[in-house]
Structures are given as structure tokens and as C-alpha cells.
Amino acid sequence: MESTAPRDPLSPLQPADQGLVIAGRRFSSRLFMGTGRYRSLDALMRTVEASGAEVVTVAVRRVDPTEPDESSLFGALRRAGRFLLPNTAGCYSARDAILTAHLAREAFDTPWIKLEVIGDDTTLLPDPIELLKAATQLVRDGFIVLPYTNDDPILALRLRDAGCAAIMPLGSPIGSGMGIRNPYNLRIIREQITELPVILDAGVGTASDVVQAFELGCDAVLLSTAVSGAKHPTLMAEAMRHAAAAGWAARQAGRIPRKLHASASSPEEGGFWS
């Protein structure tokens, strides 16, 4: 089923790119948005519009599915044509995450789930053992699982083998704004996993982090606090949209190789003025 979201003229799509495909569904935007820490629903919707994001993730434990559609977050996002991706934020065990995912499927009529199983309150880093356990069970239960994970290439492979639909490694801890702290691991994950999308999740601080994620090989970027916590959130959301377009285009264009020494950009012979 194709999304009803309007095509964004600044979405990061080049003529040869057919869009981001996850579990057989095609998305026109490669920028995902979170929905936490906004002053109002109106402020959130303005930033989502400015970002051009098609996929918007919402914490199941922080919304009321019985709220009237006309005044709810879910209702506003649906009317805007966004694809709703429930997440299990706030879960600290596989058991809690599995239960939350099942509640989300029943309440919001979707098998899609962004799986989060947090290890502790200080770092908010994923618990790798509980995460893999939950992912394995949810795939068996028929869910389309997108796991938020550490930037560990081995764990990424285990999640792939468990049947996850995408891999979502962190750049740095949630809400830290520290950007990508271990680009080498992200490159390894990309090199090892070519059959699934790799989506950077967490740690983005500014637009240059988004560009770097795409240049390292990521297929999409999910961000939240970098926009909601900015001095001017709507302007930052727009900057992130441009960054996603630039990063994806640069990756497709193919950068020049790095060299230790200079290389003249103007040839001495055979040039235009020869």
C-alpha cells in the first residue's frame, strides 16, 4: 500500500532512486520523526510538515488510544497523511516490550512496531539480550519489527537473522545530540547487511549529523530531540529535510577518494585552453 503523504519536492530522492522500501512498503521520504517533547500538537504538526517526514513514530505508552480522533495525536497525523509507527519506548524487558507491541497492534490496527528495550535510565542504551529476545518473539507473532539497537555489528546480524525488517543502530545515546560517535561500526553494519535498510536512530544533534549518516551508508535517519529541543524547531526541521536530501545525493554521486597529497584540479595539458 502506497502512502498518501504528498510528494515533497525536497525529499531525498534522485531520478534513479525508487524510494525507501521496508517490508514491501515504499516510502518517499528517508527522514523519520519522533513526536516527544513538543509544547503543543500544533507545534509538532508544523515541524512534521517542515521536515517532509512521512514516517512518524509515537510511544504507545504515552498516548491514549481511546482519545477522540479529531483531537488526538494519531488523528492529526493520519489526517496529514503520515505513516504511524508505534514504538515500545519505556520498556525495560522483553516481556514488557512484547506486551506493549501487542497492545499497539490491537489499538492502532498495525503490525508495524519500532522495538525499544532499554537497559537503564542513565544511558537509555538498549539491552541487547532482552532486545533480541523480544525481536525474535515478535517476528514469530507476525510483527514487522524495526529494532532500536546498539551500534554493534554482531547484534545487528543477530537481529537480521531473527527476521527484523530493518536495523536501527544508534549514533549516540538518545537525546544527547552528540552525533555519530562510532562511524566505523556503522560502516561495518552497512557492509555486512545489504539486504535490509539501515536507519540511524538516536543521537542526532544538527543537520551535519544527518548528512554524515547518509554518507556512511544509512538508508534513512530517525530524529526527535534535535528538532523538538532546538531554539526554532520548525526551522531546524526544515534544515534536517535539506540535510537528508544533500546526504543522500552525495552518497549516490560518489565522493572522490581521500589522498594524503594535493592533486591539481586544473590539468597542465589537454585542457580547455590548450
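Residues numbered from 1 in each chain as written. Predicted model: local features only at pLDDT ≥ 70, side-chain atom pairs only at ≥ 80, totals over all residues. Heavy atoms only, no water.

Trainee: Lay out the overall build of the chain with the relevant residues and their values.
Mentor: A tally of helices and strands in the chain yields 9 helices and 10 strands. For the chain, the proportion of its 274 residues judged to be buried stands at 53%. Look at the contacts in the chain between residues 6 or more apart in sequence, and 64% of them connect residues 24 or more apart. Of the roughly 13,600 Å² that the chain leaves accessible, carbon and sulfur atoms contribute 53%. (Helix = DSSP H or I, 4+ residues; strand = E, 2+ residues; numbered from the N terminus. Buried < 20%, exposed > 50% of the residue type's maximum accessible area, 1.4 Å probe, protein only. Contact = heavy atoms within 4.5 Å. Areas by Shrake-Rupley, 256 points an atom, 1.4 Å probe, with all protein chains shown as cover.)

Trainee: Tell me about helix 9 (residues 233-253), and please be specific about residues and values.
Mentor: With 21 residues, helix 9 extends 30 Å between its outermost C-alpha atoms, agreeing within 8% with the 30 Å of an ideal straight helix rising 1.5 Å per residue. Regarding helix 9, the residues found buried are P233, M236, A237, M240, R241, A243, A244, A245, G247 and W248. Contacts from the buried residues of helix 9 go to strand 3 (31-34), helix 1 (41-51), helix 7 (207-215), strand 10 (220-223) and helix 8 (225-228). Within two residues after helix 9, G254 carries a phi angle of roughly 85 degrees, on the positive side. (Expected span 1.5 Å × (residues − 1).)

Trainee: Run through helix 1, naming residues and quoting values.
Mentor: Listing the buried residues of helix 1 in full gives A43, L44, M45, T47, V48, A50 and S51. Elements that come into contact with the buried residues of helix 1 comprise strand 3, strand 4 (55-59), helix 2 (73-79), helix 8 and helix 9. G52 sits one or two positions beyond helix 1 and adopts a positive phi of about 75 degrees.

Trainee: Let's hear about the confidence of the model for the chain: which residues, and what values?
Mentor: Predicted confidence across the chain gives a mean pLDDT of 90, with 89% of residues reaching 70 or more. With pLDDT under 50 throughout, residues 1-7 is counted as low confidence; its partners more than four residues away or in other chains account for 13 contacts. (pLDDT = per-residue confidence, 0-100.)

Trainee: Got a sec to walk through the nonpolar core? Specific residues and values, please.
Mentor: Ranked by internal contacts, the top residues of the largest apolar core, which has 64 residues, are L115, V210, V221, L223 and M240. Once residues lying within four places of it in the same chain are set aside, the contact partners of V221 are R30, L31, F32, I199, L200, V204, V210, A213 and F214. Judged by nonpolar contacts, the second largest core, of 16 residues, contains L20, F83, A165 and L222. (Core = buried A, V, L, I, M, F, W, Y, C linked by side-chain atoms within 4.5 Å.)

Trainee: Please set out the pairing of strand 3 residue by residue, giving values where relevant.
Mentor: Side chains L31 and M33 of strand 3 all project onto a buried face; the interleaved residues F32 and G34 project onto the opposite face, where all are buried too. Note that strand 3 and strand 10 share 3 bridges and pair parallel. Bridge pairing in strand 10 links M33 to L223. Where the polypeptide runs from strand 3 across helix 1 and back to strand 4, its parallel neighbour, the crossover connection is right-handed. (Pairing = 2+ DSSP bridges. Right-handed = clockwise from strand over helix to strand, strands pointing away.)

Trainee: Break down the packing of aromatic side chains for me, with residues and values.
Mentor: Evaluated as defined, the whole model comprises 5 aromatic pairs. Ring geometry for F27 and W112: centres 6.0 Å apart, planes at 90 degrees, overall edge-to-face. A residue pair is termed long-range when its members are at least 10 positions apart, and F27 in strand 2 (residues 25-27) and W112 in strand 6 (residues 112-115) qualify at 85 residues. An identical accessibility class is assigned to F27 and W112; each is buried. Their ring planes at 75 degrees and their centres at 5.0 Å tell us that F83 and W112 sit as a pair that is edge-to-face. Pair noted here: F83 is in strand 5 (residues 83-87) and W112 is in strand 6, with a separation of 29 residues, a long-range link. The exposure classification of F83 matches that of W112, with both residues buried. Joined through ring pairs, the aromatic side chains of F27, F83 and W112 make up one cluster. One residue, R30, lies across the ring of W248, its end atom 3.6 Å from the ring centre. Over the ring of F143 we find R105, and its NZ or CZ is 4.0 Å from the ring centre. (Phe/Tyr/Trp six-rings, centres within 6.5 Å; stacked < 30°, edge-to-face > 60°. Lys NZ or Arg CZ within 6 Å of the ring centre and 35° of its normal.)

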